[in-house]
Amino acid sequence: METVEEASDGDWVVRTLTGSATGKTYRCPGCDQEIRPGTPHVVTWPAYARDSDLEPWDVDSAADWRRHWHTTCWRSRDRRR
């Protein structure tokens, strides 16, 4: 499932991944710990280019900004700053 979330740090596309959808290990930017294969988590990227007037990201730019997060780390990221 993919949604757009509005937050204090901008608008983000958030895709929920089930554990079965992943076969790779990722590093969560929130806690700097591994997200092991088979672990449900979220993938996020900015919904709009930061320098634009709300023009959507092109596909290549979005891939550059995409990050894998533990779901709880993503939800609590505003408290970590």
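Residues numbered from 1 in each chain as written. Predicted model: local features only at pLDDT ≥ 70, side-chain atom pairs only at ≥ 80, totals over all residues. Heavy atoms only, no water.

Draft legend 1. Examining the side chain of histidine 41 more closely. Its place among the elements puts histidine 41 in strand β5 (residues 41-46). Separated by 2.9 Å, the side chains of histidine 41 and histidine 68 make a polar contact. Not counting residues within four places of it along the chain, the set of residues in contact with histidine 41 comprises Arg15, Thr16, Leu17, Thr22, Tyr26, Ile35, His68, Trp69, His70 and Thr71. (Helix = DSSP H or I, 4+ residues; strand = E, 2+ residues; numbered from the N terminus. Polar contact = N/O pair within 3.5 Å; in protein donor to acceptor, adjacent residues only side chain to side chain. Contact = heavy atoms within 4.5 Å.)

Draft legend 2. Expanded view of the packing of aromatic side chains. Counted under the stated rule, the structure contains two aromatic pairs. Here the guanidinium or amino end of arginine 77 rests over the ring plane of tryptophan 74, the centre of that ring lying 3.5 Å away. (Phe/Tyr/Trp six-rings, centres within 6.5 Å; stacked < 30°, edge-to-face > 60°. Lys NZ or Arg CZ within 6 Å of the ring centre and 35° of its normal.)

Draft legend 3. Fine view of the sheet that holds β5. An order of β1-β2-β5-β6 is seen for the four strands of this open sheet, with the pairing classed as antiparallel. Two strands lie at the open edges of the sheet, namely β1 (2-7) and β6 (67-69), each paired on one side alone. Strand after strand, the sheet turns through a mean of 35 degrees between neighbouring axes, direction not considered. Of the strand pairs in this sheet, β5 and β6 are connected by three bridges, and their pairing is antiparallel. Looking at β6, one finds that valine 43 is bridged to histidine 68. (Pairing = 2+ DSSP bridges. Axes fitted to C-alpha atoms, helices over the stretch in contact; angles between N-to-C directions.)

Draft legend 4. A look at the pairing of β1. Relative to strand β2 (residues 10-17), β1 is paired through six bridges, and the arrangement is antiparallel. By the bridge assignment, threonine 3 is partnered in β2 with valine 14. The loop that links β1 with its antiparallel partner β2 comprises two residues.

Draft legend 5. Broad picture of unusual backbone geometry. Unlike most non-glycine residues, aspartate 32 shows phi in positive territory, near 60 degrees. Here aspartate 32 lies in the loop between β3 (26-27) and β4 (34-35).

Draft legend 6. Spotlight on the side chain of histidine 68. Positionally, histidine 68 belongs in strand β6. What histidine 68 contacts, discounting residues up to four positions off in sequence, is Leu17, Tyr26, Arg27, Cys28, Pro29, Ile35, His41, Val42 and Val43.

Draft legend 7. Representation of the pairing of β2. As paired elements, β2 and β5 share six bridges and run antiparallel to each other. Among the inter-strand pairings, tryptophan 12 is bridged to a residue of β5, identified as proline 46.

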